[in-house]
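# Summary of the model geometry
Given next are the chains, with one letter for each unit.
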Amino acid sequence: MAADPELTSSHWLSSTANVPPPPSLDVLPDTADVVVLGAGIMGCSTAYWLARQYGLSPLVIERNVRPGMGASARNGGLMFFGANVEHTESVRQVGRAQAIEIQKTANINRRLVPELLKEEQLDCDFKTTGCLAFAEDAAEEAELKASAAALAGMRCLLPTTTAVTPLLRV
């Protein structure tokens, strides 16, 4: 049986085939309150909050034709539950205090997104589904346990295989 091309082709690669080149930079204004480079999730968020909180008029410069043409909007539209690594790795990279601040900021962001979507009347089929990490081997299991322990006091569960197995649809 042949594989379904819908399931085996990359949306990312197929959707970039007919994207026109970015607009000319000759049309930029002479001055701006602040310049934000990139219109991915970070650039758009930065511009939004600069305008909303401080009344600034940010100039956003993006290399693509439209905002979110890069990984921010074209992959899965995922919002991480903290740093993009296990918490113990985040602690190794930036220190315990900074890793906790990253986690707290991510928690605030998770609460802000639905509020902003409602306030701005944006219907984007947003869903909060949670996050589940599985360990493939004993080393990964130890890493997950260490991260869960380090996140003590924050919402973090470490269920057993026995508890999770009935929830899986295989």
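Overview of the structure. (Residues numbered from 1 in each chain as written. Predicted model: local features only at pLDDT ≥ 70, side-chain atom pairs only at ≥ 80, totals over all residues. Heavy atoms only, no water.)

## Points about the packing of helix α5 (residues 87-94) against helix α6 (residues 96-119)
Just so we agree on the cut-off: Here an angle of 0 to 180 degrees is reported between the N-to-C directions of two axes, which are lines fitted to C-alpha atoms, with helices fitted over the stretch in contact. Strands are runs of DSSP state E lasting at least two residues, helices are runs of H or I lasting at least four, and both sets are numbered from the N terminus onward. These descriptions rest on fixed angle ranges, namely under 35 degrees for roughly parallel, over 145 for roughly antiparallel, 65 to 115 for roughly perpendicular, and the rest for oblique. Whether a crossing is left-handed or right-handed is set by the direction in which the near helix is turned from the far one by less than a right angle, anticlockwise for left-handed and clockwise for right-handed. A contact between two residues is defined here by any heavy atoms of the two lying within 4.5 Å. Put simply, Ala, Val, Leu, Ile, Met, Phe, Trp, Tyr, Cys and Pro go in the nonpolar bin, Asp, Glu, Lys and Arg in the charged bin, and everything else, Gly too, in the polar bin.
Packing of α5 against α6 brings their axes to within 7 Å, and their N-to-C directions diverge by 130°. Judged by the angle between their axes, α5 and α6 are oblique. α6 is crossed by α5, and the crossing has right-handed handedness. Contacts between α5 and α6 pair His87, Ser90, Val91 and Val94 from the former with Arg96, Gln98, Ala99, Ile100 and Ile102 from the latter. Class assignment for the residues of the contact of α5 with α6 results in five nonpolar, three polar and one charged.

## Some words on the pattern of salt bridges
Inclusion rule: Note on definitions: salt bridges are taken to be side-chain nitrogens of Lys or Arg within 4 Å of carboxyl oxygens of Asp or Glu.
Under the criterion given, the structure shown has five salt bridges. Here arginine 52 ties to glutamate 119 by a salt bridge, and the two come within 3.0 Å at their closest N and O atoms. Remark: glutamate 119 occurs in helix α6 and arginine 52 occurs in helix α3 (residues 41-54); sequence separation between them is 67 residues. For glutamate 143, the salt bridge goes to arginine 92, with nearest N and O atoms at 3.3 Å.

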